[in-house]
Amino acid sequence: MKSGFVAVAGRPNVGKSTLVNALCGGKVAIVSDKPQTTRRRISGVANGDDHQLVLVDLPGFQRPLDPMTTRMQRTVDHAFEDVDAVLFVLSARERIGAGDRFIAQRVFSLGVPVVIALNKVDNLKPGHIATQMDTASKLGDFHALHPVSAKTGDGIDALLAELVREKALQLTREELPHAISVEVEELAEKVVRASIYVESESQKQIVVGGGGSVVKEIGTRARPEIEHLLGHPVFLELHVKVKPKWRRDERLLERLGI
């Protein structure tokens, strides 16, 4: 069983609590449209067959104005002392500015992986989202960047792809450190179909395995986590495809959200 603590950080009212609730599959944190709703550490737990992820929802970063906000900021600082990763939440509806850069300096200095979630992308124009993603990508050396809507569930397919890719790398990390990616091609009520891209036939043989054993195990490990995210059972269908030099294919990279 692998377990880890992930701090959920960001400015007030960027949707951190809603995102924690969405990731944990239930109502964990108080959600309000008023800033500074979360006044203490609230943990949500996401369980899988071989992992337990503890999400620590923190009060938003802010300049201390009174004893209460001073204590809230102290809570944020103390929480960073024992985390394994940070989920850095930004709002796509607001300008990414000095406050976000201040938080970025703090989280990127911790020496742990940082995943950026650009939240509240629902009903926004693609061009605006792309501009915000570009700005967000310049905040630091992030591990992954996902445009999401915690409110509507937009971005779930990208998260599913990340889960499948994680399981594939767990099983093939020695042979395929960077030459593998995943694209969700269909997300239906009962079926999820995804393609696992590699760059050569020899890599495909590794991912498929003897008699399909490896790709079957990838699906076996990924499906419970996907079902946990979606909240119901699904049939997970995986196809391994050779795409030479896919990391240089601009159109594919755009589709993959890279």
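Described below are features of the structure shown in this document. (Residues numbered from 1 in each chain as written. Predicted model: local features only at pLDDT ≥ 70, side-chain atom pairs only at ≥ 80, totals over all residues. Heavy atoms only, no water.)

1. Topic: the pattern of salt bridges
Item 1. Taken as a whole, this structure holds 9 salt bridges when the rule is applied.
Item 2. Between Lys-138 and Asp-134 there is a salt bridge whose closest N-O contact spans 3.2 Å.
Item 3. Notably, a salt bridge pairs Arg-223 with Glu-227, separated by 3.1 Å at the nearest N-O pair. In this pair, Arg-223 and Glu-227 are both assigned in helix H7 (residues 213-230), 4 residues apart and thus about one turn of the helix distant.
Item 4. Salt bridges sharing common partners tie together Arg-11, Glu-94 and Asp-100. (Salt bridge = Lys/Arg side-chain N within 4 Å of Asp/Glu carboxyl O. Helix = DSSP H or I, 4+ residues; strand = E, 2+ residues; numbered from the N terminus.)

2. Considering helix H4 (residues 126-137)
Item 1. Taking 1.5 Å as the rise per residue, H4 with 12 residues should run 16 Å; its terminal C-alpha atoms sit 16 Å apart, in good agreement.
Item 2. Ile-129, Gln-132 and Ala-136 are the residues of H4 that are buried. Across the axial projection of H4, the buried residues extend over an arc of 65 degrees, all falling on one side.
Item 3. Looking at the buried residues of H4, the elements they touch are strand S4 (85-91), strand S5 (114-119) and strand S6 (144-147). (Expected span 1.5 Å × (residues − 1). Buried < 20%, exposed > 50% of the residue type's maximum accessible area, 1.4 Å probe, protein only. Arc of directions from axis to C-beta. Contact = heavy atoms within 4.5 Å.)

3. Re the sheet that holds strand S9 (residues 235-242)
Item 1. Ordered by their spatial adjacency, 3 strands build an open sheet running S7-S8-S9, and the pairing between neighbours is mixed. Pairing within the sheet leaves two strands with one partner each, and these edge strands are strand S7 (181-187) and S9. Recorded for the sheet is a direction-independent mean angle of 25 degrees between the axes of neighbouring strands.
Item 2. Relative to S9, strand S8 (residues 191-198) runs parallel, the two sharing 8 bridges. Within S9, the residue paired with Ile-196 across the bridge is Val-240.
Item 3. Contacts from helix H6 (residues 201-208) reach S8 and S9, with the element oriented near 155 degrees to S9. (Pairing = 2+ DSSP bridges. Axes fitted to C-alpha atoms, helices over the stretch in contact; angles between N-to-C directions.)

Function cannot be inferred from these measures alone, as they are strictly geometric.
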